Amino acid sequence: MLASWIAVFAGAVAGGAALVGLLALKRSAEPLMGLLSLTGIAVCAWGISTQVTLTTRVELLLVSVLFGGASFAGGYGLGSALLPLLSKRTPPIRMAPASPTPGTRGIAVIVLAYIEPSRYEPTAVSEEFERLSEAGFHRMTIGVTPFLYAAQKARYRAAGGSSPSIAQAKTLVERVESLVAPDNRFERFTLVTCTDGDTLDHAVADLAGDGIDRIVVASVSIGESYAVDHAKALVDLLRPAAHGIRIVHTAPLWGSEKLAIAVTSRILAASDRSEERRVGKECSQP
């Protein structure tokens, strides 16, 4: 009898925790998590069926079923509570001193683009939830959190398994480099995506370590998002001015008149084409 109770508890807890892994982990881990969840449920069902054969008391059967359900929910909650541990903590860094001859190494340009990873990463989702919590948003409930991971994974899957964001950002950096290439003052162009340890403070420290003491941070964002503001705050903690490093940040894109005109022109052009097609269809009808 004791073995059947242990089977109900262990199987249900393992099945619930594996279900969280099935929802949140990468696609490559889904077969293993699915197998573990089904195995846990099967062990739990075996424990309940064993108790049915050993006793005819309906009350005991009902208690065992409720115990198995509660254990499954506990395993699910345990797995959900462990999901924030997927977030990667970047180690603290120190700012390197400026070069002995300031201004001789040229200017570095950092294109700061807060974008998603090219493929689904549970760690990126955990870091996003952590940033939302730091920004003052309430933490997600344990029961809902795994489904939010699953929604992100489903979005990647619907898009073919990958996101073009990083490739587009690299193209943007190449374009910026080609535009300012005639100016010999600019020596290096770097892309910072704020994903998977690619942070602004690490990029600044690396450039300072190479002797570059003048840095332009060009943020590719419509407004000052919390993630971009947080990245800049981490750079301020390095006290770059005290080390002879001069950093200039560009303004958000929402204040760019040229960008607004370009977007408006595209919208008007698309509207004109849509209107022309509508008129053409009306004229073609008898």
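Since the model is a prediction, treat every value here as computed from it, not as a measurement.

Asks: I keep staring at the confidence of the model for the protein and nothing clicks. Help me out?
Replies: Note: predicted coordinates in regions of low pLDDT should not be interpreted at a detailed level. With 87% of its residues at a pLDDT of 70 or more, the protein has an overall mean of 83. Least confident of the elements in the protein is helix α9 (residues 257-284), whose mean pLDDT is 74; most confident is helix α1 (residues 2-24), at 91.

Asks: Can you walk me through the packing of aromatic side chains in this structure?
Replies: What describes a pair of aromatic rings is the distance from one ring centre to the other and the angle between the planes of the rings. Taken as a whole and judged by the stated rule, the model has 5 aromatic pairs. With centroids separated by 5.6 Å and ring planes inclined at 70°, the aromatic side chains of W5 and F67 adopt a geometry described as edge-to-face. Placement of the pair is W5 in helix α1 and F67 in helix α3 (residues 58-82), with a sequence separation of 62 residues. Residue class for W5 comes out partly exposed when judged on its relative accessible area of 23%.

Asks: Help me understand the sheet that holds strand β4 (residues 246-249), please; the structure alone is not making it clear to me.
Replies: Each strand in a sheet pairs with another by means of backbone hydrogen bonds, the pair being arranged parallel or else antiparallel. An order of β2-β1-β3-β4 is seen for the 4 strands of this open sheet, with the pairing classed as parallel. Every other strand in the sheet has two partners, leaving β2 (186-192) and β4 as the edge strands with one partner each. Taken over all neighbouring pairs, the strand axes of this sheet differ in orientation by 20° on average, direction set aside. Pairing geometry for strand β1 (residues 107-112) and β2, over 6 bridges, is parallel. Opposite I110, over in β2, you have T190 as the bridge partner. In the packing of helix α6 (residues 165-180) onto the sheet, contacts are made with β1 and β2, and the angle to β2 comes to roughly 165°. Contacting β1, β2, β3 (214-219) and β4, helix α7 (residues 200-209) crosses the sheet at an angle of about 165° to β1.

Asks: Any chance you could explain the nonpolar core here in plain terms?
Replies: Generally speaking, a soluble globular protein has its nonpolar side chains buried in company with each other. Among the nonpolar cores identified, the biggest contains 17 residues, and I110, L112, V192, L200 and I215 are the most heavily contacted of them. Looking at this core, the elements with two or more residues in it are β1, α7, β3 and α8 (226-237). Here the element with the most residues in this core is α7; it accounts for 5 residues. When near neighbours in sequence (up to four residues on either side) are disregarded, V192 contacts I110, V111, L112, A113, D198, T199, L200 and A203.

Asks: For this particular structure, what's the right way to read the pairing of β4?
Replies: Successive side chains on a regular strand alternate, one facing one side of the sheet and the next facing the other. One ladder, built from 4 bridges, connects β3 with β4; its direction is parallel. Paired with R214 across the two strands is R246, which belongs to β4. With α8 bridging β3 and its parallel neighbour β4, the resulting β-α-β unit is right-handed.

Asks: Sorry, what's going on with the environment of T145 here?
Replies: Mapped onto the elements, T145 comes out in helix α5 (residues 145-158). Since its relative accessible area comes to 9%, T145 is described here as buried. Spatially, the C-alpha atoms of T145 and S126 are 9.8 Å apart, while their sequence positions differ by 19 residues.

Asks: Got a minute to help me understand the packing of α1 against α5 in this structure?
Replies: Two quantities define a packed helix pair, namely the angle between the axes and the distance from one axis to the other. Between α1 and α5, the least distance of the axes is 7 Å, while the angle of their chain directions is 30°. What the angle tells us is that α1 and α5 run roughly parallel. Between α1, through V20, L22, L23 and A24, and α5, the contact on the second element is made entirely by P146, F147, Y149, A150 and K153. Along the lines of polarity and charge, the residues of the contact of α1 with α5 split into 8 nonpolar, no polar and 1 charged.

Asks: Hey, could you run me through the side chain of D201 in this one?
Replies: With respect to the element layout, D201 can be found in helix α7. A polar contact is formed between the side chain of D201 and the side chain of T199, at a distance of 2.7 Å. Among residues more than four places away in sequence, those in contact with D201 are I93, L234, V235 and L238.

Asks: What am I meant to see in α6 here?
Replies: The periodicity of an α-helix, 3.6 residues per turn, causes residues three or four positions apart to be oriented the same way. Across its 16 residues, α6 extends 23 Å between first and last C-alpha, which sits within 8% of the 22 Å expected from 1.5 Å per residue. Regarding α6, the residues found buried are S165, I166, A169 and V173. The buried residues of α6 all sit within an arc of 95° when viewed along its axis, so they share a single face. Facing away from the buried side of α6, by more than 90 degrees, are the exposed residues Q168, E174, R175 and L179. Contacts from the buried residues of α6 go to β1 and β2.

Scoring rules and cut-offs
Residues numbered from 1 in each chain as written. Predicted model: local features only at pLDDT ≥ 70, side-chain atom pairs only at ≥ 80, totals over all residues. Heavy atoms only, no water. pLDDT = per-residue confidence, 0-100. Helix = DSSP H or I, 4+ residues; strand = E, 2+ residues; numbered from the N terminus. Phe/Tyr/Trp six-rings, centres within 6.5 Å; stacked < 30°, edge-to-face > 60°. Buried < 20%, exposed > 50% of the residue type's maximum accessible area, 1.4 Å probe, protein only. Pairing = 2+ DSSP bridges. Axes fitted to C-alpha atoms, helices over the stretch in contact; angles between N-to-C directions. Contact = heavy atoms within 4.5 Å. Core = buried A, V, L, I, M, F, W, Y, C linked by side-chain atoms within 4.5 Å. Right-handed = clockwise from strand over helix to strand, strands pointing away. Parallel < 35°, antiparallel > 145°, perpendicular 65-115°, else oblique. Nonpolar A, V, L, I, M, F, W, Y, C, P; charged D, E, K, R; others polar. Polar contact = N/O pair within 3.5 Å; in protein donor to acceptor, adjacent residues only side chain to side chain. Expected span 1.5 Å × (residues − 1). Arc of directions from axis to C-beta.

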